[in-house]
Amino acid sequence: MNFDRIDMEALEKELIALRREFHTCPEAGWTEFRTTARIIEELEKLGLPVQYGPEIHVREKMYGLPDDAALEACYARALEETNRKDLVEKMRGGYTGCLAMIEGELPGPTIGIRVDIDCNEVDESSSDLHKPAAEGFASLHKGLMHACGHDAHTAIGIGTAKILSAYRDKLHGKVLLVFQPGEEGLRGAASLTAAGHFSKCDYFLGAHVGILKNQEVGTIAVSAHGFLSSTKLDAVFHGVPAHAATPDEGKNALAAAATAALNLLAIPRHQQGPSRINVGTLHAGSGRNVIPEWASMSLETRGKNGEINAFMEESARRVLEASAAMYGCTCDIRFMGSAGSIDCDPALAHKVKRILADVDGVKKILEDVDFNGGEDVTTMMRDVQEHGGKATEMVIGMPLTAPHHNGFFDVSEEVIGLGARVFASIALEIDEA
Ligand SMILES: [Zn+2]
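For the structure given in this document, a descriptive report is provided here. (Residues numbered from 1 in each chain as written. Predicted model: local features only at pLDDT ≥ 70, side-chain atom pairs only at ≥ 80, totals over all residues. Heavy atoms only, no water.)

1. Some words on the packing of helix 1 (residues 8-24) against helix 2 (residues 33-45)
Formally: Whenever a helix is involved, its axis is fitted only over the stretch in contact; in every case the axis is a line through C-alpha atoms, and angles between N-to-C directions fall within 0 to 180 degrees. For the purposes of this entry, the term helix denotes a DSSP run of H or I that reaches at least four residues, the term strand denotes a run of E that reaches at least two, and both are numbered from the N terminus. These descriptions rest on fixed angle ranges, namely under 35 degrees for roughly parallel, over 145 for roughly antiparallel, 65 to 115 for roughly perpendicular, and the rest for oblique. Take the far helix as the reference: if the near one is turned anticlockwise from it by less than a right angle, the crossing is left-handed, and if turned clockwise, right-handed. Should any heavy atoms of two residues lie within 4.5 Å, those residues are counted as being in contact.
Contact pair helix 1 / helix 2: the axes reach a minimum separation of 11 Å and the direction vectors enclose 160 degrees. It follows that helix 1 is roughly antiparallel to helix 2 by the angle criterion. Along this stretch, helix 1 crosses helix 2, giving a crossing that reads as right-handed. Facing helix 1, whose interface residues are Glu14, Leu18, Glu21 and Phe22, helix 2 presents Arg34, Thr35, Arg38, Ile39 and Glu42.

2. Quick notes on the sheet that holds strand 8 (residues 229-238)
Definition in use: In this scheme, strands are said to pair when DSSP sees at least two bridges between them.
Judged by pairing direction, the sheet is antiparallel, and its four strands sit side by side in the order 9-10-8-11 without closing on themselves. Two strands in the sheet have a free side with no partner beyond their single neighbour: strand 9 (275-284) and strand 11 (330-339). Taking each pair of neighbouring strands and ignoring which way they run, the sheet shows an average axis angle of 15 degrees. Bridge count for strand 8 against strand 10 (residues 294-303) is 10 bridges, and the pairing is antiparallel. What sits directly across from Leu233, in strand 10, is Leu299. In the packing of helix 8 (residues 253-264) onto the sheet, contacts are made with strand 8, strand 9 and strand 10, and the angle to strand 10 comes to roughly 15 degrees.

3. Digging into the pairing of strand 2 (residues 98-103)
Sheet topology places strand 1 (residues 50-52) next to strand 2; three bridges connect them, and they run antiparallel. Note on strand 2: the bridge partner recorded for Tyr52 is Cys98. One ladder, built from six bridges, connects strand 2 with strand 4 (residues 172-180); its direction is antiparallel. Its bridge partner being in strand 4, Cys98 is matched across the sheet by Phe179.

4. Digging into the packing of aromatic side chains
For clarity, the threshold we go by: A pair of aromatic rings is counted whenever rings of Phe, Tyr or Trp (Trp by its six-membered ring) have centres within 6.5 Å, and the orientation is called stacked for planes under 30 degrees apart, edge-to-face for over 60 and tilted otherwise. Burial classes: relative accessible area under 20% of the type maximum marks a residue as buried, over 50% as exposed, and values in between as partly exposed (1.4 Å probe, protein chains only). Two conditions define a charge sitting above a ring: the NZ of Lys or the CZ of Arg must be within 6 Å of the ring centre, and it must be within 35 degrees of the ring normal.
Scanning the entire structure with this criterion turns up five aromatic pairs. Ring plane angle 70 degrees and centroid distance 5.6 Å describe the contact between Phe3 and Tyr167, whose orientation is recorded as edge-to-face. Of this pair, Phe3 sits in the segment before helix 1 while Tyr167 sits in the loop between helix 6 (150-166) and strand 4, and the two are 164 residues apart along the sequence. Accessibility expressed as a relative area gives 5% for Phe3, which makes it buried. Relative to Tyr75, the ring of Phe33 lies with its centre 5.7 Å away and its plane at 80 degrees, an arrangement referred to as edge-to-face. Remark: Tyr75 occurs in helix 3 (residues 68-81) and Phe33 occurs in helix 2; sequence separation between them is 42 residues. Its end group placed over the ring of Tyr52, Lys90 keeps NZ or CZ at 4.2 Å from the ring centre.

5. Section: the state of the cysteines
Any covalent bond linking the sulfur atoms of two cysteines counts as a disulfide. The condition is simple: The definition used for a disulfide is geometric: two cysteine sulfur atoms within 2.5 Å.
Going through the model one piece at a time under the given rule, you end up with zero disulfides. Considering cysteine sulfurs only, Cys74 is the nearest to Cys119, which forms no disulfide, with 9.1 Å between them. Not engaged in a disulfide, the cysteine Cys344 finds its nearest cysteine sulfur in Cys201; these two sulfurs lie 15 Å apart. On the basis of relative accessibility, which here comes to 12%, the residue Cys344 falls in the buried class.

Structure (structure tokens):
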């Protein structure tokens with residue numbers, strides 16, 4: 001398709017500026033207050049109906065919410081950074097993300113398009129070799145960074161809305177645009193899915209930039225496999241404090257947690273396929289001469305399929321409990337998020353492949369690539385499939401300056417306009433369920 005009703009060059013510049021703005025103000029899962037408000041502002045300019053706030057979520061499915069103090073601190077920061085306090089106020093408590101419906105003028109299917117909007121807990125490089133630092137749009141939020149390209153995803157979603165809004169007379173059916181919070185840690189999709197937003201989608205599309213290593217811009221995979229099943233857990237060890245001179249009066253939570261950490265990494269691997277385990281953080285204790293009363297740990301398990309991940313998760317829970325028991329401590333294990341593996345629908349992938357052949361800027365189309373990671377888009381895709389719809393997750397290739405989740409990560413900004421053209425073309429070309 002060529003979108004001759006739109007000055008695409010100007011739109012691409014505008015989307016790059018938006019991406020840089022999001023990059024400057026990254027917000028982690030369930031705290032994307034400013035980000036969501038900014039998205040809504042752009043969607044409102046197009047006259048689109050936008051749903052946001054508590055009405056789009058199911059509170060008990062909002063996994064891995066930060067504690068109240070952290071939520072309030074981020075909320076206060078967002079109020080400082082926005083001139084749309086009215087929007088931000090409706091999201092207080094973590095109700096971030098939004099949904100927009102674009103109604104076509106022709107009859108046809110409902111197509112869900114999902115982008116994720118949260119950042120990573122990563123310190124951004126300040127090196128002159130890192131473009132956001134060199135060009136003045138690096139993160140202003142210490143310890144937070146868009147290091148997975150979700151700033152680009154957000155801009156792609158807005159770009160898709162802008163293009164489709166100009167072609168509603170050619171659009172069959174409707175497009176549900178999903179700006180999902182909390183992808184990192186696999187936390188956000190369950191709440192939106194439980195609220196029933198996707199059960200009426202005939203088709204559902206997601207995309208991630210850069211997962212294929214060092215492809216030139218213009219390479220797109222129309223489907224992926226190898227989404228690892230994953231579970232995220234927090235564990236808090238409780239002991240008894242005592243003077244270091246009288247250790248027999250204490251119960252050492254630090255020792256319990258350290259024992260757990262090493263033995264978690266020693267869980268035997270499953271014969272049926274790949275698995276992963278990571279202990280990502282470990283904090284403990286209060287002072288040099290005090291038997292540590294507490295320790296907290298964040299960890300995750302992964303597996304090629306649900307069965308292997310369940311084996312890893314059960315093993316991890318056993319190690320945590322047993323390590324606590326060894327030192328006379330107790331351990332609270334908190335479920336923080338999860339996602340399953342999934343199969344993309346080949347019929348939809350084929351349709352997408354045909355459509356992409358005519359999209360400006362697409363140079364090479366791959367059919368089915370190894371995603372080799374977790375993505376909670378799978379939670380939404382599964383829901384669509386269980387209700388009779390078809391779903392696929394695409395990968396938009398680009399050269400990588402550094403791995404995802406690294407302080408030097410950056411996106412090739414040409415993927416933003418390209419991604420918007422890809423989503424918009426698919427939505428405009430699919431005319432029946
Ligand atoms: Zn990501």
